[in-house]
Amino acid sequence: MFERVLSFLRDLPAGEVKPSADDPRVAASALLYHVMNADGVRQDVEWERFKEILSETYSISGDELDALAAAGERADNEAIDLYAFTSVLKRHLDAEARKAFIGLMWEIVYADGELHELEDNTVWRVAELIGVERQDRIEARRKAAAEAPGARGTSSDE
């Protein structure tokens, strides 16, 4: 499943990254950036995990990685809601890839070892908007929490 989303995302056109409502790379970067900042505190470990995910997903590094991270940040800061980004992902990703994307969001949430209720709520809203079922969201959260060192926090799902 995860390989399918990576394969899709890698096949997207390379080149200069500009914030665009129709660019799935920017939409994904913006949503990952948004969840990283949902609790109001961006820790270095979260930023590093965010960039690792972008690098691994798109097979990019250096200036290209920095451009995509910056485009996601700008797009998120300029957005009035999450719908513009989620609608792009819903159009471009199949059901399994959308589940895998929610897993990536959970990885960023747990990068600092803590689950904050605002992060939980953000993932819940994104999952709802892209059509990921509650059980799949919970399963992805449990997996990310199990793999995160010293994970703490509670979820409204339990």
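Remember, it's a predicted structure, so these values are computed and weren't measured experimentally.

Student: Talk me through the overall build of the chain; I want residue IDs and the actual numbers.
Tutor: Each helix and strand counted, the chain has 8 helices and 2 strands in total. Overall, the chain shows an N-to-C arrangement of helices and strands of α-α-α-α-α-α-β-α-α-β. Put simply, the chain has 158 residues, and 48% of those count as buried.

Student: Would you mind going over the pattern of salt bridges in detail, with residue names and values included?
Tutor: Counting across every chain of the model gives 8 salt bridges. Ionic pairing is found between Glu 56 and Arg 49, a salt bridge with its closest N-O pair at 3.8 Å. In this structure Glu 56 comes out as partly exposed when scored by relative accessible area, which is 41%. Among the ionic pairs, Glu 107 bridges to Arg 49, the shortest N-O distance being 2.2 Å. Residue Glu 107 is found in helix 6 (residues 95-109), and its partner Arg 49 is found in helix 3 (residues 44-58); the two are separated by 58 residues along the sequence. Since its relative accessible area comes to 24%, Glu 107 is described here as partly exposed. Its relative accessible area of 17% is what places Arg 49 among the buried residues.

Student: Could you give an account of the side chain of Glu 119, naming the residues involved and the relevant values?
Tutor: Structurally, Glu 119 is set in helix 7 (residues 117-130). At 2.9 Å, the side chain of Glu 119 and the backbone nitrogen of His 116 are in polar contact. Setting aside its immediate chain neighbours within four residues, Glu 119 contacts Val 35, Ala 38, Asp 39, Glu 46, Val 109 and Glu 114.

Student: Talk me through helix 8 (residues 134-147); I want residue IDs and the actual numbers.
Tutor: Taking 1.5 Å per residue, 14 residues should reach 20 Å; helix 8 reaches 20 Å between its end C-alpha atoms and fits that length. Within the sequence span of helix 8, burial applies to Arg 137, Ile 138, Ala 140, Arg 141 and Ala 144. Looking straight down helix 8, one finds that the buried residues subtend no more than 165° of arc, so they occupy a single side. Residues Glu 139, Lys 143, Ala 146 and Glu 147 are exposed on helix 8 and point more than 90 degrees away from its buried face.

Parameters and conventions
- Residues numbered from 1 in each chain as written.
- Predicted model: local features only at pLDDT ≥ 70, side-chain atom pairs only at ≥ 80, totals over all residues.
- Heavy atoms only, no water.
- Helix = DSSP H or I, 4+ residues; strand = E, 2+ residues; numbered from the N terminus.
- Buried < 20%, exposed > 50% of the residue type's maximum accessible area, 1.4 Å probe, protein only.
- Salt bridge = Lys/Arg side-chain N within 4 Å of Asp/Glu carboxyl O.
- Polar contact = N/O pair within 3.5 Å; in protein donor to acceptor, adjacent residues only side chain to side chain.
- Contact = heavy atoms within 4.5 Å.
- Expected span 1.5 Å × (residues − 1).
- Arc of directions from axis to C-beta.

Any functional reading would require information beyond the geometric quantities listed.
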